[in-house]
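Below, each chain spelled out in residue letters.
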Amino acid sequence: MSEEKVPEYLSFFASLYNVVENPVLGMWLLYLTILALSILVYKLGFALKLPILKSAIIYLFLALGGTVLTFLGIFLPVAEGLVVAALILIIYKIRLRRHKQEEGAES
């Protein structure tokens, strides 16, 4: 793969952060984006009330997994998938809250 063709194979966020021309800053921005979206998806969909140490271990593994996902996210739509997952979970939470408010009003 020649260097001229690389930008057309990049994912949206990788090309947005200009990973080809400024790899250090671009990779850090991609990593932080993936980490933030992973934490958001975890909090919206899977988080439970856990003790501090268990929560720290979860976030440590999210950070380590974010490293692997960052390398995959250069050419694959990892961050984009996390955005879609976050949007779906946000819509679900809003609808769940409205449903619970309606049930509370009926009682």
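It should be noted that the structure appears before, not after, this text.
Everything quoted here is computed from the prediction, not taken from an experiment.

Trainee: What is the right way to look at the nonpolar core in this model?
Mentor: If you look at soluble globular proteins, the nonpolar side chains tend to sit buried side by side. Residues Leu30, Ile34 and Leu82 are the most contacted members of the largest nonpolar core, which totals 17 residues. Elements with a minimum of two residues in this core: helix H1 (12-16), helix H2 (23-45) and helix H4 (78-106). Dropping the residues within four chain positions of it, Leu82 is found in contact with Ile34, Leu37, Ser38 and Val41.

Trainee: Help me understand the side chain of Ser38, please; the structure alone is not making it clear to me.
Mentor: By the secondary structure assignment, Ser38 is in helix H2. With relative accessibility at 9%, the residue Ser38 sits in the buried group. Among the polar contacts made by the side chain of Ser38, one reaches the main-chain carbonyl oxygen of Ile34 at a distance of 2.8 Å.

Trainee: Explain the packing of aromatic side chains to me, please; I cannot follow it from the model alone.
Mentor: Two aromatic rings, taken as a pair, are described by how far apart their centres are and by the angle between their planes. On inspection of all chains with the given rule, the structure shows four aromatic pairs. Geometrically, the ring pair formed by Phe13 and Tyr17 is tilted, given 6.0 Å between the ring centres and 40 degrees between the ring planes.

Trainee: Sorry, what's going on with the packing of H2 against H4 here?
Mentor: Helices that pack against each other are described as a pair by the angle of their axes relative to one another and the distance between those axes. Packing of H2 against H4 leaves a shortest axis separation of 9 Å and a crossing angle of 30 degrees. Considering the angle they form, H2 stands roughly parallel to H4. The element H2 and its partner H4 pack so that their crossing is left-handed. From H2, Ile34, Leu37, Ser38, Leu40, Val41, Leu44 and Gly45 reach across to H4, where they touch Val78, Ala79, Leu82, Val83, Ala85, Ala86, Leu89, Ile90 and Lys93.

Trainee: I would appreciate a short explanation of helix H3 (residues 52-72) in the present structure.
Mentor: In an α-helix, one turn spans 3.6 residues; hence positions three or four apart end up facing the same way. Here H3 spans 30 Å end to end across 21 residues, near enough to the 30 Å set by a 1.5 Å rise per residue. Taken as a whole, H3 has its buried residues at Leu62, Gly66 and Thr70. On its buried face, H3 is in contact with H2.

Definitions and limits used
- Residues numbered from 1 in each chain as written.
- Predicted model: local features only at pLDDT ≥ 70, side-chain atom pairs only at ≥ 80, totals over all residues.
- Heavy atoms only, no water.
- Core = buried A, V, L, I, M, F, W, Y, C linked by side-chain atoms within 4.5 Å.
- Buried < 20%, exposed > 50% of the residue type's maximum accessible area, 1.4 Å probe, protein only.
- Helix = DSSP H or I, 4+ residues; strand = E, 2+ residues; numbered from the N terminus.
- Contact = heavy atoms within 4.5 Å.
- Polar contact = N/O pair within 3.5 Å; in protein donor to acceptor, adjacent residues only side chain to side chain.
- Phe/Tyr/Trp six-rings, centres within 6.5 Å; stacked < 30°, edge-to-face > 60°.
- Axes fitted to C-alpha atoms, helices over the stretch in contact; angles between N-to-C directions.
- Parallel < 35°, antiparallel > 145°, perpendicular 65-115°, else oblique.
- Left-handed = near helix turned anticlockwise from the far one by under 90°.
- Expected span 1.5 Å × (residues − 1).

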